[in-house]
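# Remarks on the overall topology
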Amino acid sequence: MSKRTSIALIDANNFFVSCERLFRPELVKRPVIVLSSNDGCVVSRSEEAKALGITMGVPYFKVRDLCDRHGVVAFSSNFDLYRDLSRRVMSVIRRFSDSVEVYSVDEAFAEVDVSPVYYEDFAVALRDEVMHVTGIPVAVGIAPTKTLAKVATHFAKPKRGGSGAHVFVQPADWLPMLEHVSVGDVWGVGYRLTPKLEAKGITTAGGLTRQDDRWIRKHMSVCGLRTVYELRGVRCFALGEEPELRKSLLHSQSFGRAAADKSTVHAAVSYHARKVAEVLRAEGAQARSVYVTIRTGRHGRERYSAFDGDTLPLATNDTLDIVGTASQVLERIFKPGVRYAKAGVLVRDIVPVGLQPQRTLFGETTRSRTTLMEALDELRHRFGDRIHIGSEKVGMSETEHWRAKHDRLSPRYTTRWSDIRTVGAGSA
DNA sequence: TCTGGGGTCCTAGGACCC
DNA sequence: TCTGGGGTCCTAGGACCC
């Protein structure tokens, strides 16, 4: 007898806002938003903020007046806090399932290993336990495929009148619901395909399931075909296995102010290269290809962007190697007279440490600096991100004006001793 | 003045080889 | 010298996700 399992999707409600509210309970029921890096765009909104018409991804400056008028509380992104709370939510989910795929900071898929008659109970218990342990509200959807689990979660959300749990077992459960899902809301149908589908008269997820396979394959590639199969209940996307080694790693940031001088851009590139090396070491990985990306703002009259890289003879996670390579690439692609607004460093061809000989043809060994890097990492853990390399500094008088602004940052309540909240007990 | 950061996969086309 | 099929590998670009 084959046991049919289903997939649960656990999705935190307005995650970043929920994290901020956890430590500022007086903000519950008030409009709250969280901004992206550089306080650029709105990336998370409370229901009250959504009701004011603040849309996802809107530039903050466009809604600042509206926010001021309605007393909307705006936070800069506090990723240390969100990452830590995410970790706690995921650990609760793992108590409910042996097979969990962390899909993003605020979402996870989990295998549901109970009989379908208990799906509803499972979803409700999971929702309540996450709330009880972490204080983060989540919605749980259960269905035979990932794409349908996304739809189920959609209907579980409080803003759609859901209770935080929604379950699809039979096609009769989901087929009528698909008529009420816009085709653009389907997981895997983005802003490019949506107008094409609508032009063909396909406006809902239900319409998509009735479409001819050959037409889908031709116009949406195999990716689209898989999505359509999943909506019909045929599983095409397996639950993610072990966290494989990542394929690429990017560290980048928009500048607080645009910069034209090479030393400033070089400082930013050096910083991102160092951060990339640190992440590689933390993950026990090395990379062979180092790329640099620099560009102007995307909205001004002046537009320039460049992306290029070098491949090293040996994979490395050494800060000085990666910074040095990135600096050489920057020399090639830097164009004088351009006002740059963003820089980043990306590495590819990532392998686990120890998978290659530590010696080149010429007998150079990369081992010699390993101890130095270990010492740097140790210093960083003890004293924070204060150890820089020389090229990150622009000059004595120059402030680091490429660094992003985050004027509305909340304290790092859970990851920094100095930011831990003090709670008074007894007399007030 | 002010528009994020970090990923994945697929496909077409070119280089190169037999 | 020219022609051509067929395979592999790499890369850039497109589309999607959060």
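To be clear, the structure that these remarks concern was listed above.
An account of the accompanying structure is given in this report. Being a predicted model, the structure only gives us computed values, none of them experimental.

### Some points on the pattern of salt bridges
Throughout the structure, instances matching the rule amount to 25 salt bridges. The salt bridge involving Arg24 is made with Glu26; its shortest N-O contact spans 2.7 Å. What makes Glu26 partly exposed here is its relative accessible area of 46%. A salt bridge links Asp212 to Arg214; the shortest N-O distance between them is 3.6 Å. Residue classification places Asp212 among the partly exposed positions, given a relative accessible area of 35%.

### A closer look at the protein's contact with DNA strand C
Around DNA strand C lies a shell of 13 residues, among which Glu107, Lys150, Gly188, Gly190 and Arg192 are the nearest. Backbone atoms, meaning sugar and phosphate, form 100% of the atoms of DNA strand C found within 4 Å of the protein. Lys150 has a polar side-chain atom sitting 3.0 Å from a phosphate oxygen of DNA strand C. Gly190 places a polar main-chain atom, nitrogen or oxygen, 2.9 Å from a phosphate oxygen of DNA strand C.

### Brief notes about the packing of helix H6 (residues 146-156) against helix H10 (residues 213-231)
For the pair H6 and H10, interaxial distance at closest approach is 7 Å and the crossing angle is 65 degrees. Both H6 and H10 take part in a crossing whose hand is right-handed. Here H6 contributes Lys146, Thr147, Leu148 and Val151 to the contact with H10, which in turn contributes Thr227, Glu230 and Leu231. Residues that form the contact of H6 with H10 fall into these classes: three nonpolar, two polar and two charged.

### Thoughts on the pairing of strand S10 (residues 285-295)
With eight of its 11 residues buried, S10 lies for the most part within the structure. With 10 bridges joining them, S10 and strand S12 (residues 340-352) adopt antiparallel strand pairing. Considered in S12, the bridge of Thr293 is made with Gly344. Examined bridge by bridge, S10 and strand S11 (residues 305-316) share eight bridges and lie antiparallel to one another. Bridge pairing links Ser289 to Thr311 in S11.

Cut-off values and rules
- Position numbers for residues start from 1 in each chain and track the written sequence from start to end.
- Each chain gets a letter, beginning with A, and each ligand a number, beginning with 1, in the order they are written.
- Selection of residues for local features in this predicted model requires a pLDDT of at least 70, selection of side-chain atom pairs for listing and counting requires 80 or more, and totals for whole chains, interfaces and linings are taken over all residues.
- With hydrogens and water excluded, all non-hydrogen atoms of the structure serve as input to the side-chain values.
- One speaks of a salt bridge when a side-chain nitrogen belonging to Lys or Arg is within 4 Å of a carboxyl oxygen belonging to Asp or Glu.
- Whether a residue is buried, partly exposed or exposed follows from its accessible area with a 1.4 Å probe, protein chains only, as a fraction of its type maximum: under 20%, in between, or over 50%, in that order.
- One heavy atom within 4 Å of a molecule or strand makes the whole residue count as near it.
- Two N or O atoms form a polar contact when they lie within 3.5 Å of each other; inside protein one atom must be a possible hydrogen donor and the other a possible acceptor, and for residues adjacent in sequence the pair counts only when both atoms belong to side chains.
- Angles here are taken between N-to-C directions and fall from 0 to 180 degrees, while the axes themselves are lines fitted to C-alpha atoms, restricted in helices to the stretch in contact.
- Each helix is a run of H or I in the DSSP string that is no shorter than four residues. Each strand is a run of E no shorter than two, and both are numbered from the N terminus.
- Crossing chirality is assigned from the near helix's rotation relative to the far helix, an anticlockwise turn below a right angle marking it left-handed and a clockwise turn marking it right-handed.
- Two residues qualify as a contact provided that any one of their heavy atoms is within 4.5 Å of a heavy atom in the partner residue.
- Classification used: nonpolar for Ala, Val, Leu, Ile, Met, Phe, Trp, Tyr, Cys and Pro, charged for Asp, Glu, Lys and Arg, polar for all others including Gly.
- By definition, two strands form a pair when at least two bridges between them are found by DSSP.

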